[in-house]
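Working through the structure, step by step
Single-letter residue listing:
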Amino acid sequence: MRGSRGRVFSGAVVAALGMFGAGCGEPSFGEMPALCAEGGACPEGYDCIHGVCALPGTPVPITVGVVPYLRGPDVRMVPQASGVLVVWETYAYSDEGQRFVGARVAPDGAVSPRMDIVGRYVADADSLEPYFDVLPVGGDRVLVAISAPSLPDDPTVEPRLVTYRVDLPPQGREDQPAAFESAWPKEERLATVGYGAVSFPKLLHHGDRVELGYVRSRTATIDNNLETVAELTVFSMQEDGTLFAPEPTYHSARAKLPVAVGVLGAFRVSTGAWWILDNERPSALLLPDDGGAAEVKLGRLAIPVAADDASLTYIEPSARQGDKQPTDPVSGPAGLRTVAAPVMGDPTPPVETSIGALPGLRDTPRPAWIGRDGAKPILVTPGEAVDAPEIAVYLVDPASAEASRVASIPRLSTRSIGALHAVLTSGKLFVGWLETDETSATIRMAVLPEPEPPAAP
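Given the structure is predicted, the values throughout are model-derived calculations rather than measurements. (Residues numbered from 1 in each chain as written. Predicted model: local features only at pLDDT ≥ 70, side-chain atom pairs only at ≥ 80, totals over all residues. Heavy atoms only, no water.)

1. Details of the overall build of the protein chain
A tally of regular secondary structure across the protein chain gives one helix and 34 strands. Its C-alpha radius of gyration of 23 Å places the protein chain within 12% of the 23 Å reference for a compact globule of 457 residues. The C-alpha extent of the protein chain, read off along each of the three principal axes, is 80 × 55 × 45 Å. The burial tally for the protein chain puts 52% of its 457 residues in the buried class. (Helix = DSSP H or I, 4+ residues; strand = E, 2+ residues; numbered from the N terminus. Rg over C-alpha atoms; globule rule 2.2 N^0.38 Å. Buried < 20%, exposed > 50% of the residue type's maximum accessible area, 1.4 Å probe, protein only.)

Spelled out as structure tokens, the structure:
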């Protein structure tokens, strides 16, 4: 898809903001914030927050980046020493060509100049756009894993996979270029059952090493029948991205399930790691550090949010309506559920338990969940509507699923939400989301104080 550079706010919102333009006088602006006047002047009782007159403390969104087109999976947000790094990609068919770019956002909402994270990457403009993941590994260094289809002149259709080592400029010096290089001696090729079948890659910090998960597919003869099988492929690396071994490990997965679209998440626990495969029909593969593998099938559209050695917790989103497509309406409450860790070699399905009901929420965009030591987890979601006017922030009791709404973020937009991310760092909650329409895609963000439980009555 191609399009012209879009507006930051939807037309309806811009018109509303126009009610308060050149002077402060006595504007009539009701519930909708208005643009600050020259010099940041606002009506009495309102502050100028990121160029908008709003009630003090209102988390007014800021714009991080605007591009003609961007898929929901192609935005990442990771913590930095102070603030967050937002990474997205421009595509091979765009005017900029294939790049992976980013910007830092400080706790005060200041957005850095855009940086080239991986400024050179060859991709086929007529094929599927690459997938990627980002992991901070200390200081100003991040690792970027990229998976992409083969190129037109390649002798094989097998997808490509590589990890880059990226040294960002110090915070406050983003006008300087980032240094990036391949951390691997060559691109890896992963088996696939068909052209264009590329997996989402997932990076995981695993003690003193980094692991990269990828789902490969191949054909195998089982009981004299030729069948398609899936394997979780795990590359083990040093923290600078250097491979520990030239060959990854392979783990059978997706038994009696469709081949996964990729690795959607991963959780490090004290005795190993959980790997989350696929989004529509998800499963969780538990890999203990002392060897072996065991998989558990999760509920349709399940969204895993937390794990430990004994169990995995996931959100059961509200039911899709209509044609049951990702952008269709949803209805009804969501739920919080837990499933016990599968036992190695035991085919008996592990025990699954309903914890309780959550407010209605969508699976697309996926909600953000942040676990906290000694405090209730944070749940961030637009709720049931893909174009919700607000993004809600909840504190959730993991024992009962009781959710308390502690903040609301006014989007000041009517465009659809394509992705949602949240990071807690520097004492602030950074909430970023992707807004899209037919002409452009905008990455926006709000910065809030770390949520606290509501005061007792």
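2. Digging into the state of the cysteines
Summed over the entire model, instances satisfying the criterion amount to two disulfides. Between the sulfur atoms of Cys-36 and its disulfide mate Cys-48 the distance is 2.0 Å. Of note, the bridge from Cys-36 to Cys-48 carries an S-S torsion of about 115° and is right-handed in sense. Residue Cys-36 is found in the loop between β1 (34-35) and β2 (47-49), and its partner Cys-48 is found in strand β2; the two are separated by 12 residues along the sequence. Residue Cys-36 is classed as buried on the basis of its relative accessible area of 15%. There is a disulfide in this structure between Cys-42 and Cys-53, and the S-S distance comes to 2.0 Å. (Disulfide = S-S within 2.5 Å.)

3. Regarding the pattern of salt bridges
Summed over the entire model, instances satisfying the criterion amount to 28 salt bridges. One salt bridge in this structure joins Asp-278 and Arg-254, with 3.8 Å as the shortest N-O distance. Highlighted residues: Asp-278 in the loop between β19 (272-277) and β20 (283-288) and Arg-254 in the loop between β17 (249-253) and β18 (263-269), separated in sequence by 24 residues. The class of Asp-278 is buried, set by a relative accessible area of 6%. The partner of Arg-320 in a salt bridge is Asp-363, with the nearest N and O atoms 2.6 Å apart. On the criterion of sequence distance, the pair formed by Arg-320 in strand β24 (residues 319-320) and Asp-363 in the loop between β27 (352-358) and β28 (368-372) is long-range, its members being 43 residues apart. Looking at Arg-320, the relative accessible area reads 8%, which means it is buried. Note on Asp-363: relative accessible area 7%, which makes it buried. The structure contains a network of salt bridges with shared partners spanning Arg-411, Arg-415, Glu-435, Asp-437 and Arg-444. (Salt bridge = Lys/Arg side-chain N within 4 Å of Asp/Glu carboxyl O.)

4. Quick look at unusual backbone geometry
Residue Thr-364 is joined to Pro-365 through a cis peptide bond whose omega torsion reads 5°. Tracing the chain through its elements places Pro-365 in the loop between β27 and β28. For Arg-254, which is not a glycine, the phi torsion comes out positive at approximately 65°. Even without glycine at this site, Lys-324 takes up a positive phi of about 60°. Within the secondary structure layout, Lys-324 lies in the loop between β24 and β25 (330-331).

5. Considerations on the sheet that holds strand β22 (residues 303-307)
Strand order in the open sheet formed by four strands is β22-β23-β26-β27, and the pairing between neighbours is antiparallel. With one partner strand each, in any of the chains shown, β22 and β27 form the two edges of the open sheet. In this sheet, neighbouring strand axes are inclined to one another by 25° on average, regardless of whether the strands run parallel or antiparallel. In the sheet, strand β26 (residues 334-340) pairs with β27 via six bridges, with the strands oriented antiparallel. Bridging from a neighbouring strand, Gly-335 pairs with Ala-357 of β27. (Pairing = 2+ DSSP bridges. Axes fitted to C-alpha atoms, helices over the stretch in contact; angles between N-to-C directions.)

This is a description of form; function is not addressed.
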